[in-house]
Every structure is written in structure tokens, then in C-alpha cells.
Amino acid sequence: MPFHAGNALLTSALLLALAPALDPNLPPLALAFDVAIDPVARYTGVNALFLFLPILVLETLVLWALRWGNFVRAATGAFVMNAVTTLAGAALQLNIPDGFVLALLLSIFIEGFILMLFARERKLRSWVSAFAANILSYVVLFVSLVVLFRF
């Protein structure tokens, strides 16, 4: 069966619906779409939805700006790749600040692989896009932690 965005969105939605079963101690809306978001939400006490939305928008814009795909394809790719990395972050239960770099590396690796599934003919562009999107979102997340929470 070929890999289609619709199938990926449906699978991601199903996995996110089942994610609380992975860890019943997740804070409300802790499915915040990146490996680091669950630990950051636990560290700061901030509702993860407020962490999710800026990351999703930022990573969509990065994918689009790097011409990984049109805007809809970039948004779909950003949603799916972050849904998968959220599950990884919830399962790993990393701690902040210790696990911050590990979360970044895992995000790049997992999201690069996910983007490659969407665009197999553009492997290098998928990896560069995943790298750029995650570096930018983790820099924003890190600066926010430093400024708002004296990280």
C-alpha cells in the first residue's frame, strides 16, 4: 500500500487518541507534538497546547520556505512528523534540562525519516528540512525557557 498523506493523518490521529494509554500521568493536552514538549510541559507546568501551536506553525513555515512542499503539504508533514515524535517523547519520559539535546537529536532523526516517507524522491531536502525546522523550533523553545522560567 503506498504512503499517502490522508493515511498518515488518520494514523496519527488514531495514535494521538491512544497516547494517554501510554502514560496516564500526562498533563492535560500533553500531546504537544515534539519529543521535548512533554518534558517541557512537565518542567514548566505550562499547558502543552500553548507549546504545540507555535511549534506546528513554525515548523510548517520552515518546511514551506525550504520548498519541501506546498503549504498544505508542509502543514500535513509538520503535523504528522510532530505527532509521531510526541509519542516518542511521551514514551521516553525525558527530563528537562538533561534530556533537551537528546530530544532535539531524536526529533531530527524521527522527523527526517517521516518527511522522507512523504517525499522519497527528495531525501536530502527532507533531512535538511527536518534539521532546519527542529533547530529553529528548539532555539525558540530554549530561549522561551530561559526568559520565562530561568532555565
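Residues numbered from 1 in each chain as written. Predicted model: local features only at pLDDT ≥ 70, side-chain atom pairs only at ≥ 80, totals over all residues. Heavy atoms only, no water.

Brief notes about the packing of helix α5 (residues 100–118) against helix α6 (residues 123–149)
So, point 1. Closest axis-to-axis distance for the α5/α6 pair is 8 Å, and the angle between their directions is 150°. In terms of orientation, α5 and α6 fall into the roughly antiparallel class. Like other packed secondary-structure pairs, α5 and α6 cross with a definite hand, here right-handed. Here F100, A103, L104, S107, I108, F109, E111, G112, F113, L115 and M116 of α5 lie close against α6, whose contacting residues are K123, S126, W127, S129, A130, F131, N134, I135, Y138, L141, F142 and L145.
So, point 2. Residue composition of the contact of α5 with α6, by class: 16 nonpolar, five polar and two charged. (Axes fitted to C-alpha atoms, helices over the stretch in contact; angles between N-to-C directions. Helix = DSSP H or I, 4+ residues; strand = E, 2+ residues; numbered from the N terminus. Parallel < 35°, antiparallel > 145°, perpendicular 65-115°, else oblique. Left-handed = near helix turned anticlockwise from the far one by under 90°. Contact = heavy atoms within 4.5 Å. Nonpolar A, V, L, I, M, F, W, Y, C, P; charged D, E, K, R; others polar.)

Focus: the nonpolar core
So, point 1. By size, the foremost hydrophobic cluster in this structure holds 28 residues, and its most contacted members are L63, M81 and Y138.
So, point 2. Of all the secondary-structure elements, those providing two or more residues to this core are α3 (48–65), α4 (71–92), α5 and α6.
So, point 3. For this core, the element with the most residues is α5, which contributes eight residues.
So, point 4. When residues no more than four places from it in sequence are discounted, the contact partners of L63 are W68, G69, A74, G77, A78, M81, L115 and S129. (Core = buried A, V, L, I, M, F, W, Y, C linked by side-chain atoms within 4.5 Å. Buried < 20%, exposed > 50% of the residue type's maximum accessible area, 1.4 Å probe, protein only.)

Quick look at the packing of aromatic side chains
So, point 1. Taken as a whole and assessed by the stated rule, the structure comprises five aromatic pairs.
So, point 2. Where W64 meets F71, the ring centres are 5.3 Å apart and the plane angle is 85°; that geometry is what we call edge-to-face.
So, point 3. For F71, a relative accessible area of 41% gives the class partly exposed.
So, point 4. Measuring from centroid to centroid gives 6.2 Å for F109 and W127, while their planes differ by 40°, and the two rings are tilted. Of the two residues, F109 sits in helix α5 while W127 sits in helix α6, which places them 18 residues apart along the sequence.
So, point 5. We classify F109 as exposed; its relative accessible area is 53%.
So, point 6. Each member of the aromatic cluster is reached from another via a ring pair, and the members are F100, Y138 and F142. (Phe/Tyr/Trp six-rings, centres within 6.5 Å; stacked < 30°, edge-to-face > 60°.)

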